[in-house]
Number of protein chains: 2
Amino acid sequence: MNPTIKDVAKYANVSIATVSRIVNGLPGYSEDTKKKVQEAIEALGYQPNAIARGLINKRTQTIGVLFPEVSGMLSSEVLEGVENAAHDGGFSVIVCNTTSSGKRTVKYLRLLQEKRVDGIIFASEDVKEEYYKIFQEMKVPVLLVSTASSNYDLPFVRVNDFEGAFQATEHLIKKGHKQIGMIGGSKNDPIAGVPRMKGFKEALQKYSLAFSVAHITTNEGYRFQNGKESLPVLLKQLPNMTALFAASDEMAIGAMSAAHQLGIKVPEELSIIGYDNLKIAEMCYPALTTVSQPLKDMGQTAGEILVKLIKGEEKEAKSRYMPFTIVERQSVCDLRDK
Amino acid sequence: MNPTIKDVAKYANVSIATVSRIVNGLPGYSEDTKKKVQEAIEALGYQPNAIARGLINKRTQTIGVLFPEVSGMLSSEVLEGVENAAHDGGFSVIVCNTTSSGKRTVKYLRLLQEKRVDGIIFASEDVKEEYYKIFQEMKVPVLLVSTASSNYDLPFVRVNDFEGAFQATEHLIKKGHKQIGMIGGSKNDPIAGVPRMKGFKEALQKYSLAFSVAHITTNEGYRFQNGKESLPVLLKQLPNMTALFAASDEMAIGAMSAAHQLGIKVPEELSIIGYDNLKIAEMCYPALTTVSQPLKDMGQTAGEILVKLIKGEEKEAKSRYMPFTIVERQSVCDLRDK
DNA sequence: CTGAAAGCGCTAACAA
DNA sequence: TTGTTAGCGCTTTCAG
C-alpha cells in the first residue's frame, strides 16, 4: 500500500492535520516542523490521495470530453488544445468516444456523472434533449466546441460557418470563377451542413451568379469518400464548373483524388477550396487552399473557459466565435490571369 | 447536492447497507425491499458516487494513457482503440500529452499516481529510467504500445519493425527495383529508427544489391517536412534511384510532394513505399503503397490486456507482436513490366 | 433478511 | 503553533 497521511504524521511525530496543512500550503506551523514533515514525506515517498481529496472537496480536478470520433483529424487537434488548457489549469481530461451514438453518449454522460467530473466539453455534435437534461442534472459547466445547440442555451466556441463558407465562395469568385459548385454536408446538419450551404448560396447571389440546386451535392458525412463520390455527380450537374467549394478538407481532397483519376487537372481545369485546414491540407498535391479553423486554439480556448467556470473565476460563460482565415495554397487558380 | 445513499435509505425506510447491497447486486434482501429501494433511487435520481467507491475499493476504474503527441494521426488511431477496449471493460481513460518532454511526462505520471489510476498505457516513446521507477512505485500494470523498452522488461504491443522494413524493401526489390533509397528516422531512436534502417539494409544485402551510407538519409523526426526535405538530398546521394522506402507515411508523402515539385513522376519515375498506413495514405495522389500497422487494433489489444491485468484475469503480461501487411496502392510501379 | 458501525484517506472546524 | 475530531459517501464485517 501507498503511505498515507497517517504514516507521514507518525513518522514525523506530528498530527495528520499538520501534515495536511503543510501539504496544502496552508499557514500554521513552524519552519522546524515543516522540515520534519517534508523529510518524512520524502522518506516515505508519500503522494496525497486525490480520491480522498475529491471526496471531501467535491472537486475531482477532472473534466470529460466527448467526441463523435476520437481518431478523426479534426477531433484530435481540438483534443490537443483542450488537454493542454486543462493541464495548465490543473485538470485531467477523460476522453469519451461517442461514435455519434445517442445510447453511447448517454452512457458516457452517466459515467462522467458518477465520476463527478467538474466540467464537460462536448464536441462536434448536436445536443439532444436527453443530453441536455443530464447536463442540468449534473450541475457542472458545459462547453460546446465546434458545434452549437439550436435548442438550448449552451455556451460554445466555434467558427462562424456561414461566414466561413461565404468567404470561401467569395474567394473563388474574386479569382474570376463564375461556374462554381459545392460539395456540401448534410441537409439535416444544423451546424456544419446548413450554414455552409447557405453561405455558399448567398455569396453567389451577392455577386449575381447563377445558383440552383444543381450547384450543390449533399452528403451523409464529411469524409474523403463522400467527396470522391460527389465530384462525378457534381460534374454531371454542372458540366462547365471551373471551381468548387467543399464543406470539409477531407471531401475536398476526395474530390481532388477523383479529379486526378478523371484526368482533370487541379487547379488548371478545376479549382478546389476546402474547409477546416487539417494537417493533410498541406500534404496533398496540389496543396489545398482552404478555410482555416483554429482547431487547436478552439480546444484550448474552450478548455480555458471551462476551467475558469469551474474555478468560479468567471460566472457566466460567454460564447466565442473564433476567427478563421483563408489559407491560400495551390489548389485554386486565378482565371483573371488569362 | 446530488442525493447520496443516505437519502435513498431514508426515502425507502431501510438502512444504507441494504441500499448498497441492492445497488451492487449483492444477495441479501427480499424482493419487496428491492422494489422499494429501486423506486427511491428512481424518485431521487440517485447516482452512486464513484469517488467514494474508489476510496474504499482502491479501484478507480480509470487508466492513464500517455502519448508524445495526441493530435498525431498515429496516436489518435491508437487512442481510439484503447478507449474502446477500456470502455468495454468498464474503464475510463485519462489522456496525457507528454509532448516528448521528460519533465512533463514525469509530472503526468505523478498526477496519475495521485489520481490512483488502475493501469497505464505508454505509447510511442522510449522508457527512461525515471519513468520506470515511477511505474514500479505505482504498482499498477503498465503496457507499452508501438514502442518497446530496451532497458526494462515491460510488456508491449507492437509490430516487428525490422520485419516490416525488410518486407517493404523486399516488395520494392521484387518489383524489379535495384537502386533503392531510404528516408529514415533517427539513428538514436531504438524503436522506429534503427530497426527500420536495419531491415532496409538487410533486405538489400539479401538480394545482393548495393548498399552504402548514401542509400539512407536520417532525420530528426518522422514528419511530412522531414520527408520533403530529405528527397532532394537523397536524390543527390543516389542519382539513379528508382524507388524509395520512407520510415513513415508522413515522410513518404513529404517525399511525394517534393517529387511533384521537382517534376518527378510518381510512380513512373520514382516509386515510393511508406510505413504506418495512416488514413492519409489512401487520400494522397497517387495513393500510397505502405506497410500497414494495425494501429487501432494495437490500441484495442493493449487496452484489453491491461484491463485483464487489472482485473487479475491474467497474471503475467505477455508481449504481443501484431501482424502487419503490405497494402498495395498506386505509388509503386513494376519495373519488370517494361 | 436487515441494520449498526467501522473505516477508506483526507480536510476543516474547533480546541488547546 | 499544534492536535482532536467529525465527517465526505460508500462498502463491509458483524450482530441481530
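One structure accompanies this document, and this report is about it. Being a predicted model, the structure only gives us computed values, none of them experimental.

Rules of the game
- Counting restarts for each chain, with residues numbered from 1 along the sequence as it is written.
- For naming, the first written chain is A and the first written ligand is 1, with later ones following in the order written.
- At least 70 in pLDDT is required for a residue's local features to be given in this predicted model, at least 80 for side-chain atom pairs to be given and counted, and no such filter applies to totals for whole chains, interfaces and linings, which use all residues.
- Derived side-chain values reflect all non-hydrogen atoms in the structure, with water molecules and hydrogen atoms excluded from consideration.
- In what follows, salt bridge is the name for a side-chain nitrogen of Lys or Arg lying within 4 Å of a carboxyl oxygen of Asp or Glu.
- The numbering of helices and of strands both runs from the N terminus, where a helix is a DSSP run of H or I of at least 4 residues and a strand a run of E of at least 2.
- Relative accessible area decides the class of each residue, using a 1.4 Å probe on protein chains only: under 20% of the type maximum gives buried, over 50% gives exposed, and in between gives partly exposed.
- Only the contacting stretch of a helix is used when fitting its axis, a line to C-alpha atoms as for every element, and angles between N-to-C directions run 0 to 180 degrees.
- Relative orientations are named as follows: roughly parallel for angles under 35 degrees, roughly antiparallel for angles over 145 degrees, roughly perpendicular for angles from 65 to 115 degrees, and oblique for any other angle.
- Handedness of a helix crossing follows the sense of rotation of the near helix relative to the far helix, less than a right angle counterclockwise being left-handed and clockwise being right-handed.
- Whether two residues are in contact is decided by their heavy atoms: any pair within 4.5 Å suffices.
- Polar here means any residue outside two lists: the nonpolar Ala, Val, Leu, Ile, Met, Phe, Trp, Tyr, Cys and Pro, and the charged Asp, Glu, Lys and Arg; Gly therefore counts as polar.
- Nine residue types can take part in a nonpolar core, namely buried Ala, Val, Leu, Ile, Met, Phe, Trp, Tyr and Cys, and a core is a set of them joined through side-chain atoms within 4.5 Å.
- At least two DSSP bridges between two strands are required for those strands to pair.
- A clockwise course of the path from the first strand over the helix to the second, judged with the strands pointing away from the viewer, identifies a crossover as right-handed.
- When at least one non-hydrogen atom of a residue lies within 4 Å of a molecule or strand, that residue is treated as near it.
- Here a polar contact means two N or O atoms within 3.5 Å. Within protein one must be a hydrogen donor candidate and the other an acceptor candidate, and residues neighboring in sequence count only if both atoms are side-chain atoms.
- For the least-squares superposition of copies, only C-alpha atoms count, and only for residues with pLDDT at least 70 in both.
- Only a pair of cysteine sulfur atoms within 2.5 Å qualifies as a disulfide here.

## Some remarks on the pattern of salt bridges
Following the criterion strictly, the structure yields 25 salt bridges over all chains and no others. One salt bridge connects Glu129 of chain B with Lys133 of chain B, and the closest N-O pair in it is separated by 3.9 Å. Of this pair, Glu129 of chain B and Lys133 of chain B are both found in helix 7 (residues 129–138), four residues apart, which corresponds to roughly one turn of the helix. Judged by relative accessible area, which is 48%, Glu129 of chain B ranks as partly exposed. A salt bridge links Asp161 of chain B to Arg158 of chain B, with the shortest nitrogen-to-oxygen separation between them at 3.7 Å. Judged by its relative accessible area of 13%, Arg158 of chain B is buried. A network of salt bridges, in which partner residues are shared, links Glu69, Arg223 and Glu250 of chain A.

## Re the packing of helix 1 (residues 5–12) of chain B against helix 3 (residues 31–44) of chain B
Residue and element names in this part refer to chain B. Put simply, helix 1 and helix 3 touch, their axes get as near as 9 Å, and they point 125 degrees apart. Our classification of the angle between helix 1 and helix 3 gives oblique. As for how helix 1 packs across helix 3, the hand of that crossing is right-handed. The segment helix 1 lies against helix 3, with Asp7, Val8, Tyr11 and Ala12 engaging Lys36, Val37, Ala40, Ile41, Ala43 and Leu44. Along the lines of polarity and charge, the residues of the contact of helix 1 with helix 3 split into eight nonpolar, no polar and two charged.

## Quick look at the nonpolar core
Counting 150 residues, the largest nonpolar core has Leu244 of chain A together with Leu244 of chain B as its most contacted members. Other than its neighbours up to four places away in sequence, Leu244 of chain B contacts Leu172, Ile180, Gly181, Ile183, Leu231, Leu234, Ala255, Leu270, Ser271, Ile272 and Ile273 of chain B. In terms of nonpolar packing, the next biggest core, distinct from the first, is built from 47 residues, Leu109, Tyr132, Ile134 and Ile191 of chain A among them.

## Section: the sheet that holds strand 11 (residues 320–322) of chain A
Taken together, 12 strands build an open sheet; the order of strands is 11(A)-5(A)-4(A)-3(A)-1(A)-2(A)-2(B)-1(B)-3(B)-4(B)-5(B)-11(B) and the sheet is mixed. The open sheet terminates on both sides in strands that have one partner only, identified here as strand 11 of chain A together with strand 11 (320–322) of chain B. Pairs of neighbouring strands in the sheet enclose a mean axial angle of 25 degrees, with direction left out of account. Across four bridges, the pairing between strand 3 (residues 119–123) of chain B and strand 4 (residues 142–145) of chain B is parallel. The residue of strand 4 of chain B that forms the bridge with Ile121 of chain B is Leu143 of chain B.

## What about the pairing of strand 6 (residues 180–183) of chain A?
Residues and elements named next belong to chain A. Neither face of strand 6 is open: one carries Ile180 and Met182, the other Gly181 and Ile183, and all of them are buried. Pairing analysis gives four bridges linking strand 6 to strand 8 (residues 243–246), with the strands arranged parallel. Across the sheet, Gly181 pairs through a bridge with Leu244, a residue of strand 8. Across two bridges, strand 6 lies against strand 7 (residues 216–217) in parallel orientation. Across the sheet, the residue bridging to Ile183 is Thr217, located in strand 7. As a crossover connection, the stretch from strand 6 through helix 9 (residues 194–206) into strand 7 is right-handed.

## Some points on the protein's contact with DNA strand C
Near DNA strand C you find 29 residues, and of these Ile5 and Tyr46 of chain A together with Arg21, Ser30 and Ile56 of chain B are the closest. Restricting the count to atoms of DNA strand C within 4 Å of the protein gives a sugar and phosphate share of 67%. In this structure, Asn24 of chain A approaches DNA strand C through a side-chain N or O atom, which is 3.0 Å from a phosphate oxygen. Thr18 of chain B has a polar side-chain atom sitting 3.0 Å from a phosphate oxygen of DNA strand C. Considering only residue class, the surface near DNA strand C consists of 13 nonpolar, 11 polar and five charged.

## Quick word on the relation of the copies chain B and chain A
When chain B is fitted to chain A, the best match, at an RMSD of 0.1 Å, comes from turning it 180 degrees and sliding it 0.0 Å along the axis. As the rotation angle and translation indicate, the two copies are arranged about a two-fold axis. Minimal C-alpha distance to the rotation axis in chain B is attained by Ile94 of chain B, lying at 2.2 Å. A share of 98% of interface residues in chain B that are also interface residues in chain A marks the association as one of identical surfaces.

## Points about the state of the cysteines
On inspection of all chains with the given rule, the structure shows zero disulfides over all chains. Of the cysteine sulfurs around Cys333 of chain A, a residue in no disulfide, the closest is that of Cys284 of chain A, at 16 Å. Judged by relative accessible area, which is 15%, Cys333 of chain A ranks as buried. Here Cys284 of chain B stays free of any disulfide, with the sulfur of Cys284 of chain A as its closest cysteine sulfur at 9.3 Å.

## Some points on unusual backbone geometry
Geometrically, the link from Tyr285 of chain A to Pro286 of chain A is a cis peptide bond, its omega value of -5 degrees lying close to zero. Mapping Pro286 of chain A onto the fold places it in the loop between strand 9 (271–276) and strand 10 (289–292). The residue Gln61 of chain A is not glycine, and still its phi comes out positive at about 55 degrees. By the secondary structure assignment, Gln61 of chain A is in the loop between helix 4 (50–57) and strand 1 (62–67). On the accessibility criterion, Gln61 of chain A (26% relative accessible area) is partly exposed. Positive phi outside glycine occurs at Asn13 of chain B, with the angle close to 60 degrees. With respect to the secondary-structure elements, Asn13 of chain B resides in the loop between helix 1 and helix 2 (16–23). Note on Asn13 of chain B: relative accessible area 68%, which makes it exposed.

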